[in-house]
Every structure is written in C-alpha cells, then in structure tokens.
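Chain by chain, the residues run as shown.
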Amino acid sequence: MSGRLDGQVALVTGGARGIGLAISHRLLGQGATVAAGYSRDDVHARALLDKNPGRVSIHQGNIGVAEDCNRVVAEVTEQHGKIDILVNNAGITADHTARKMDPDEWDRVVRVNLSGAFYLTHAVLNGMIERGYGRIVNISSVIGETGNIGQANYAATKSGLFGLTKTLALETARRGITVNCVAPGFIATDMVKAVPEEALAKVIGHIPVGRLGEPEEVARVVDFLVSPDAGYITGSVVDVNGGLNM
Amino acid sequence: MSDRRAYLVTGAASGIGRAIAARLVDDGHDVLSVDRAPDDGGPGRPFAADLTLREPNKAAVEEAASAFGRLDGVVACAGFQVVSPVEEFPEDRWDDLIGVLLTSPFLLARYAWPALVASGDGRFVAIASVHGLVASAFKAAYVSAKHGVLGLVKTLALEGAPHGIVSVAVCPGYVRTPLVERQISDQARAHGIPAEQVLERILLTRQARKELIEPADVAETVAFVIGPGGRSYTGSQLVMGNGWTAG
C-alpha cells in the first residue's frame with residue numbers, strides 16, 4: 001500500500017456513521033490506521049471494525065465527558081503508539097425553539113459538540129507537540145454561520161468551533177500542527193434524511209447546486225486538510241455547502 | 001424611547017455591565033442589575049446570582065418580571081477570562097467559562113422569552129467581543145464562547161423576528177474595565193516599561209486606534225440597539241474594535 005497517510009494514526013469521533021464513516025473510509029484508503037469513536041451504535045462500529053481487520057479500532061465513549069475523552073486517547077495511544085490526526089466529527093442535535101428548549105438539551109449539545117472537541121484536543125495535543133506534527137479538523141456546520149430556527153444549541157456550538165479552531169491554530173502554528181474547520185451544508189446522512197420530505201424539498205430548493213451533498217464530498221476535503229500537503233493551511237473554515245451561504 | 005421599559009443586565013456591578021445599567025437607568029428605564037457580587041450602591045436594582053447555575057438565571061428573570069411587571073430586554077454581559085495554553089487549560093475552568101459566557105445567555109433568553117414576546121418590541125443583547133470574530137492564543141474557552149454566542153444571537157434573531165424580538169451582539173475590543181486595568185499594571189511590571197506604553201506596545205498592537213474603549217461608549221451602543229433604531233440590526237454584530245478586524 002502506498003498512500004499519503006501511510007503509518008499515520010487518525011482518531012475520528014463519530015467515525016462509524018454518516019460523514020464520520022466517509023472520513024474513516026477515506027483516511028483508510030490513504031493508508032492511515034483509523035481509531036473510530038462512537039457513543040451508542042455498536043452495530044455500525046463493529047461493522048467498520050470487521051470490514052477492516054487490523055486497520056481499525058473502535059472506542060466507545062461520551063465525548064461530552066472529559067474523563068471519557070482522556071481514556072479514549074490513552075486507549076488509542078496504547079494500541080497504535082500515537083495520534084497524528086484528530087477529526088472532531090461527532091455531533092448531536094436536540095432541536096426546540098429557545099422558548100421550549102429544555103436546558104438539559106442545551107447542556108447535552110454544548111458538551112458533545114463543543115466541549116468534547118476541546119477535551120479531545122487537550123488530550124492529544126501534548127503528543128503532537130512532542131512529535132512536532134499534527135492535523136486537527138473540526139467538523140462544524142453552515143448553521144454555525146447562519147443560525148437556524150429551533151437550533152440555538154446546535155448553532156452556538158458550531159459557531160463556537162470556529163473560535164476554538166482559530167485559537168488552537170494560533171497556539172500551535174509554530175509546532176507543525178494545523179487546525180482547521182470544515183463547515184458542511186446539508187449532507188445526505190441519516191440526520192438530514194430524517195427531515196420530513198416536504199421540508200427537505202424546501203431546503204434543497206435553497207441550495208444553489210440543487211441537491212444534498214454526499215458524505216464523501218466532505219470526506220475528500222478532510223482528507224486534503226489532514227495530509228502533509230496542507231501544512232500551510234491553518235485556522236481556516238472551509239465551506240462544503242453547494243453554495244448555500246453566499 | 002419615551003416609555004419606561006424594563007431590562008435585565010448581567011455583570012452589572014462593574015465594568016461594561018455597570019455602565020450599561022447606569023445608562024439605561026439614566027434613560028428612565030427599570031434595570032435589574034445582576035451580578036455574582038452586586039453593588040447595593042450601584043445603578044439599578046441589585047440582584048445576586050451565580051450564573052454558572054441554572055436556577056439563579058431563572059430567579060433573575062423572575063425577579064425582573066415581578067419587580068417591574070414586565071421585561072423588555074436582556075443584556076448578557078457577565079464574563080471573565082482564563083488565560084492558558086490549551087494543553088494545560090484546566091477542563092473545569094473551561095466548563096465554568098462556557099457556563100457563564102455561553103449557557104447563561106441561552107438560559108436568560110429561554111426564561112425571558114415569554115416576557116420578551118409580550119413586550120412586542122423585545123431585545124436580546126449579548127455583549128460578545130472582537131474575540132467573537134477573531135482569536136488570540138491562550139484564550140481557547142473565551143474565544144470559543146464568544147464565537148458561540150454569535151450563533152445563539154443569530155438563531156434567536158430568526159426565532160424572535162415574528163414576535164418583534166430583536167437579537168444582536170455587540171463586539172468591543174479592549175475596554176477600560178477593572179480587568180484590563182489590572183493587566184496594564186501587571187504587564188508594565190512584567191516588561192519593565194511605563195504603564196502608559198503598555199497599551200500601545202503590548203495590549204493594543206492589533207487595534208488600529210491605540211486606545212481603550214470607554215465602558216460608557218459600549219453602553220451608548222447598547223442604548224441605541226435597544227431603541228427603535230436597533231430593529232433592523234437583528235441577527236448581526238455591532239463591532240467596536242478600534243480597527244482590530246480591519247487588517
């Protein structure tokens with residue numbers, strides 16, 4: 001095998017489903033070893049493991065809890081020796097208008113989508129600094145740029161990731177580490193396909209390209225950003241949204 | 001605006017929050033001045049609340065509504081800073097800071113929403129920061145929270161529009177507050193230079209205008225956006241950066 005990520009280890013949160021699965025496949029295809037994080041869906045996680053013997057490990061945890069993040073990073077480091085690439089992809093929604101949103105729904109989404117990215121970065125960074133190399137990509141969303149009715153929590157976490165990305169990029173810029181953000185629009189995942197057909201048709205009507213994005217179209221951008229070739233790109237937000245937010 | 005309206009301001013015992021409370025009182029409004037350590041001699045009606053917790057946010061909203069019989073706007077200003085490289089950043093401090101700077105504004109909006117709808121011309125104002133738009137090293141939690149609150153402000157603007165609620169963020173650069181004043185003397189000592197050179201050479205290197213913003217100037221902007229002239233600004237940021245984001 002000769003891929004540009006040969007010998008590298010990538011931790012992809014939410015790496016067994018949706019956009020995360022496409023990212024895992026893509027990085028595997030480039031020769032990386034992939035440690036896929038998951039929270040509950042061990043069917044998909046196990047399927048990914050079984051299809052890629054020796055190339056994949058799976059790690060259960062709640063990234064909204066700092067102790068789980070530290071444990072997962074310790075597991076991955078023990079099994080694979082290091083972490084070169086971190087993709088903070090895992091995300092959840094719990095939609096309600098602000099008026100009706102249960103504060104527990106706010107806390108859960110903030111912990112998983114925003115604090116989880118911080119906890120994991122915090123845990124992997126010392127190793128990256130010691131080796132003088134690292135690639136971190138945070139998966140945000142166009143909703144972080146625009147806001148969305150019923151998603152006060154989700155929008156706040158996705159815009160929060162922009163700030164986290166830029167701060168980490170500044171702090172690590174001279175250490176061989178890049179930190180970037182990818183902001184997908186509406187991608188054909190289970191999360192989006194769960195939207196009622198009529199509402200989905202309306203959404204698609206607003207996308208200049210006229211269709212949903214494919215998970216692989218996000219994965220290809222992540223693949224480039226985590227490659228050694230992308231060493232001069234840091235602190236950036238890359239939109240992958242079919243022209244949605246022009 | 002000539003009619004008397006009622007506002008809730010957090011972080012109102014000092015700095016920007018105090019200036020906002022003072023300005024709104026001067027303009028003839030009722031103000032609930034919420035702070036962890038309220039100043040009984042300060043502007044507005046003092047109310048003690050630990051905004052890291054859910055219940056005190058709710059209690060503050062209820063107090064404003066019952067004391068004034070209405071609540072027309074929330075100004076979320078309370079904040080603090082934690083400076084640390086990310087690999088050493090204490091997780092608990094991250095959680096506390098996210099709690100006060102991001103979750104508290106959501107909780108206040110959540111609890112105040114029916115009153116803001118009833119107002120017919122409600123306001124949600126988040127005092128964000130230039131750090132809602134650009135980053136500085138060693139401020140991971142602060143910059144993440146300030147970027148995050150802009151997402152909240154936009155969503156509330158979308159949800160509030162049918163009800164006449166206007167949601168905006170005000171993004172100041174360095175403001176003359178006790179927090180910054182302390183940094184000036186600390187930096188002067190650390191760098192061995194006179195205090196008057198600290199602003200130009202250390203703190204304000206990225207601002208085109210090398211001067212601090214006065215709290216009263218931020219209050220002026222808040223007074224404007226909560227007035228009728230602020231309606232069309234909903235969902236946006238009023239950036240008071242002294243040229244920080246210009247280049």
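The structure presented is a predicted model; accordingly, all values stated were derived computationally and were not measured.

Trainee: I'd like a rundown of the sheet that holds strand β6 (residues 177–184) of chain A, residues and numbers included.
Mentor: Residues and elements named next belong to chain A. Taken in spatial order, the seven strands line up as β3-β2-β1-β4-β5-β6-β7 in an open sheet, and their pairing is parallel. Sheet topology places β3 (56–60) and β7 (237–240) at the edges, where each strand pairs with a single neighbour. Geometrically, the sheet is characterised by an average inter-axis angle of 20° between neighbouring strands, direction not taken into account. The sheet contact formed by strand β2 (residues 33–38) and β3 spans five bridges and is parallel. Within β3, the residue paired with V34 across the bridge is V56. Together, β1 (9–12), β4 (85–88), β5 (134–139) and β6 form the strand contacts of helix α4 (residues 103–131), whose direction differs from that of β4 by roughly 170°.

Trainee: A description of the layout of surface pockets should follow, citing residues and the corresponding values.
Mentor: All names here are of chain B. Estimates place the volume of the second largest pocket at around 1100 Å³. Lining of the second largest pocket is provided by 37 residues; of these, C77, A78, G79, F80 and L179 occupy positions nearest its centre. For the lining of the second largest pocket, the elements supplying multiple residues, two or more each, are α1 (15–26), α3 (91–119), α4 (140–160) and α5 (178–191). The greatest single-element share of the lining of the second largest pocket, amounting to five residues, is contributed by α5. Residues of the lining of the second largest pocket, tallied by class, amount to 18 nonpolar, twelve polar and seven charged.

Trainee: Quick rundown of the pairing of β4 of chain A? Include the residues and the values.
Mentor: All names here are of chain A. Alternating residues of β4 divide into I85 and V87 and L86 and N88, and every residue in both groups is buried. Here β1 runs beside β4; their pairing, made up of three bridges, is parallel. Within β4, the residue paired with V12 across the bridge is V87. When β4 meets β5, the two strands line up parallel, connected through four bridges. In the sheet register, L86 faces β5, and the bridge partner there is I136. Handedness of the β-α-β unit built from β4, α4 and β5 comes out right-handed.

Trainee: Tell me what's going on with helix α7 (residues 215–225) of chain B, and back it up with residues and numbers.
Mentor: The complete set of buried residues in α7 of chain B reads P215, V218, A219, T221, V222, A223 and V225 of chain B. Contacts from the buried residues of α7 of chain B go to α1, β4 (73–76), β5 (123–127), β6 (166–172) and β7 (237–240) of chain B.

Trainee: Before we move on, can you summarise the side chain of D223 of chain A with the specific residues and values?
Mentor: All names here are of chain A. Structurally, D223 can be placed in helix α9 (residues 215–225). According to the relative accessible area criterion, D223 is buried, its value standing at 0%. In contact with D223, other than residues within four places in its own chain, are R4, L5, R26, L27 and Q30.

Trainee: Got a sec to walk through the interface of chain B and chain A? Specific residues and values, please.
Mentor: For an interface, size is often stated in terms of accessible area lost upon the parts coming together. Counting residues at the interface gives 40 residues for chain B, matched by 44 residues for chain A. Summing the contributions of chain B and of chain A, the shared interface buries around 3300 Å²; its carbon and sulfur component is 62%. For the interface between chain B and chain A, the tally reads three salt bridges. One salt bridge in this structure joins R111 of chain A and D95 of chain B, with 3.8 Å as the shortest N-O distance.

Trainee: So, the pairing of strand β1 (residues 6–10) of chain B: which residues are in play, and what are the values?
Mentor: Side-chain positions along a regular strand alternate between the two faces of the sheet. All names here are of chain B. Of all five residues making up β1, five are buried, and the element is well covered by its neighbours. Of the two faces of β1, both are covered, the one formed by A6, L8 and T10 as well as the one formed by Y7 and V9. For β1 and strand β2 (residues 30–35), the ladder comprises five bridges, and the chain directions are parallel. Among the inter-strand pairings, L8 is bridged to a residue of β2, identified as L32. Taking the sense of rotation as the criterion, the β-α-β connection linking β1, α1 and β2 turns out right-handed. Bridging between β1 and β4 involves three bridges; their strand directions are parallel.

Trainee: Explain empty space enclosed by the protein residue by residue, including any values.
Mentor: Summary: where empty space remains is shown by rolling a probe the size of a single water molecule over the atoms. All names here are of chain B. With the rule as written, the count across this model stands at three cavities of 30 Å³ or more. Its boundaries defined by the atoms lining it, the largest cavity holds a volume of some 80 Å³. In terms of lining, the largest cavity is formed by 14 residues, of which the most central are A76, A78, L101, P105 and I127. If you list the elements that add at least two residues to the lining of the largest cavity, you get α3, β5 and α4.

Trainee: So what's going on with a negative patch on the surface? Which residues, and what values?
Mentor: A contiguous patch of negative charge on the surface is contributed by E67 of chain A together with D50, D92 and D96 of chain B. Looking at the element boundaries, D96 of chain B is found in helix α3.

Trainee: So what about α9 of chain A? Which residues, and what values?
Mentor: Residue and element names in this part refer to chain A. All buried positions along α9 are accounted for by P215, V218, A219, V222, D223 and L225. Along the axis of α9, the buried residues cluster in a sector spanning 160°; they form a single face. Where α9 is buried, its residues meet α1 (18–29), β4, β5, β6 and β7.

Basis of the calculations
- Residues numbered from 1 in each chain as written.
- Chains lettered and ligands numbered in written order.
- Predicted model: local features only at pLDDT ≥ 70, side-chain atom pairs only at ≥ 80, totals over all residues.
- Heavy atoms only, no water.
- Pairing = 2+ DSSP bridges.
- Helix = DSSP H or I, 4+ residues; strand = E, 2+ residues; numbered from the N terminus.
- Axes fitted to C-alpha atoms, helices over the stretch in contact; angles between N-to-C directions.
- Contact = heavy atoms within 4.5 Å.
- 1 Å grid on protein atoms, 1.4 Å probe; cavity = no way out; pocket = protein on both sides within 12 Å on 5 of 7 lines; lining within 4 Å.
- Points joined across faces, edges and corners; volume = space filled by probe spheres on them.
- Nonpolar A, V, L, I, M, F, W, Y, C, P; charged D, E, K, R; others polar.
- Buried < 20%, exposed > 50% of the residue type's maximum accessible area, 1.4 Å probe, protein only.
- Right-handed = clockwise from strand over helix to strand, strands pointing away.
- Buried area = accessible area lost by both parts, 1.4 Å probe.
- Salt bridge = Lys/Arg side-chain N within 4 Å of Asp/Glu carboxyl O.
- Patch = residues over 30% accessible without salt bridge, like charges linked within 9 Å, V, L, I, M, F, W, Y side chains within 5 Å.
- Areas by Shrake-Rupley, 256 points an atom, 1.4 Å probe, with all protein chains shown as cover.
- Lys, Arg positive; Asp, Glu negative; His and termini not counted.
- Charge placed at Lys NZ, Arg CZ, Asp CG, Glu CD.
- Arc of directions from axis to C-beta.

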